[in-house]
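Fold and contact review
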Amino acid sequence: MSTFGILIFLFIGGMAFWLLTFLLGFAVPYWITLGVMEKMRPKRILDEE
């Protein structure tokens, strides 16, 4: 039973590691880039469609 607990611990730790890797490698830079592009875009006073 102890081996099963260690395997579950390593599995959950591995999932957390890959989730953080994804967030720091893709999601956060993408979010920052969208925010920067939104700030750099010229503002229009009257949006006419």
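Only a predicted model underlies this, so the values are computations on that prediction, with no experimental measurement involved.

Concerning the overall build of the chain
Within the chain, the secondary structure is distributed over one helix and zero strands. Here the chain holds 49 residues, and the buried ones make up 0% of them. For the chain, the exposed surface amounts to about 5200 Å²; the carbon and sulfur share of it is 75%.

As for the pattern of salt bridges
Counted by the stated rule, this structure contains one salt bridge. Here Arg41 makes a salt bridge to Glu38, at a shortest N to O gap of 3.0 Å.

The rules we used
- Residues numbered from 1 in each chain as written.
- Predicted model: local features only at pLDDT ≥ 70, side-chain atom pairs only at ≥ 80, totals over all residues.
- Heavy atoms only, no water.
- Helix = DSSP H or I, 4+ residues; strand = E, 2+ residues; numbered from the N terminus.
- Buried < 20%, exposed > 50% of the residue type's maximum accessible area, 1.4 Å probe, protein only.
- Areas by Shrake-Rupley, 256 points an atom, 1.4 Å probe, with all protein chains shown as cover.
- Salt bridge = Lys/Arg side-chain N within 4 Å of Asp/Glu carboxyl O.

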